[in-house]
Amino acid sequence: MSWTDWVRGVEIEPSLYAADFSRLGEQIEVVMDAGARIFQFDVGDGHFVEPITIGPIVLQSISPLVHERGGILDCHLMIETPWKHFEAIKKAGGDSVTVHHEVCDDLPGVIAQARELGLGVGVAFNPETEPDDVAQAAGELVELVLCMSIHPGYSGQPFMPESIPRVRRLRELLPDHVYIQADGGVGPDNVRELREAGASLLVAGTSVFGHEDIAAAYCSLAGL
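A brief structural summary. Bear in mind the structure is a predicted one, so any value in this text is a computation, not a measurement.

Attention now goes to the pairing of strand β8 (residues 201-204). Residue alternation in β8 divides its side chains into two sets, L201 and V203 and L202 and A204, and both sets are buried. Bridge count between strand β1 (residues 11-14) and β8: four bridges; the pairing is parallel. Along β8, the bridge assignment pairs E13 with V203. Two elements, strand β7 (residues 179-183) and β8, share three bridges in a ladder whose sense is parallel. By the bridge assignment, A182 is partnered in β8 with L202. For the crossover that starts at β7, traverses helix α8 (residues 191-197) and ends in the parallel β8, the hand is right-handed.

What follows is the structure, encoded as structure tokens:
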């Protein structure tokens, strides 16, 4: 299985980093009942990004619930040495890993390591990095490219509007089979523009889990 099997068109990906961790399993079930199938799982190491977020122990606790209902766990590795953790992510139930362009000197080698474990692979890049550089380095090697529309690390930051032309530029540069993902400040004010620019994987944290009715929030973004 790969991203071509998982993506059903334009996907709203609830970001579990923004969930209520005292009710994590319950909230996963609620948004899956509403139609969500792909979840982003953000791993931060306290080095590449300031906060230490969640890791394989939490992933292991939720992966059976997600998988038994046909869901996918898309692991965004905001860490300096992502390749050291691929095996732990795989064993814990991760389906795909996205590494940051900024930390991978040997990006083809890192991608190959992930693929050897049967993981899907994406590459992310920060607002300071040019889309052209990422497309040149990874465009033919990965299944998705993640354009950060905030500075990675903290949920709830405002969307950076300059991300729209960056997504549009990526779509011009990347092969058609490579998905574009946008992450950070995604919500009702920018979902349509991101879709029109070429993003088909839209990561939504606070705009889903920050609402009392998370199912309604998800459905509103998904257009259901």
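Taking strand neighbours across the sheet as the criterion, the eight strands line up as β1-β8-β7-β6-β5-β4-β3-β2 in an open arrangement whose pairing is parallel. With one partner strand each, in any of the chains shown, β1 and β2 (38-44) form the two edges of the open sheet. Looking at each pair of strands side by side, their axes are set apart by 25 degrees on average, direction ignored.

Okay, the side chain of H100 next. For H100, the location among the structural elements is in strand β4 (residues 96-100). With relative accessibility at 0%, the residue H100 sits in the buried group. Among the polar contacts made by the side chain of H100, one reaches the side chain of H76 at a distance of 2.9 Å. At 3.4 Å, the side chain of H100 forms a polar contact with the side chain of N126. Residues in contact with H100, not counting those within four places in the same chain, are F48, H76, L77, M78, V123, A124, F125, N126, M148 and P152.

Next up on the list: the pattern of salt bridges. In total, this model carries nine salt bridges according to the counting rule given. A salt bridge links D132 to R169, with the shortest nitrogen-to-oxygen separation between them at 2.7 Å. Linking D132 in helix α6 (residues 131-138) with R169 in helix α7 (residues 163-173), this pair joins segments that are 37 residues apart in sequence. The exposure class assigned to D132 is partly exposed, which follows from its relative accessible area of 32%. Shared partners join several salt bridges into a network, and the residues in it are D20, R23 and E26.

Time to look at the environment of A124. Mapped onto the elements of the fold, A124 is located in strand β5 (residues 120-125). On the basis of relative accessibility, which here comes to 0%, the residue A124 falls in the buried class. Sequence-wise, A124 and I180 are 56 residues apart; in three dimensions their C-alpha atoms are separated by 9.8 Å. Apart from residues no more than four positions distant in its own chain, A124 is found in contact with H76, T98, V99, H100, H101, E102 and L146.

What counts and what doesn't
- Residues numbered from 1 in each chain as written.
- Predicted model: local features only at pLDDT ≥ 70, side-chain atom pairs only at ≥ 80, totals over all residues.
- Heavy atoms only, no water.
- Buried < 20%, exposed > 50% of the residue type's maximum accessible area, 1.4 Å probe, protein only.
- Helix = DSSP H or I, 4+ residues; strand = E, 2+ residues; numbered from the N terminus.
- Pairing = 2+ DSSP bridges.
- Right-handed = clockwise from strand over helix to strand, strands pointing away.
- Axes fitted to C-alpha atoms, helices over the stretch in contact; angles between N-to-C directions.
- Polar contact = N/O pair within 3.5 Å; in protein donor to acceptor, adjacent residues only side chain to side chain.
- Contact = heavy atoms within 4.5 Å.
- Salt bridge = Lys/Arg side-chain N within 4 Å of Asp/Glu carboxyl O.

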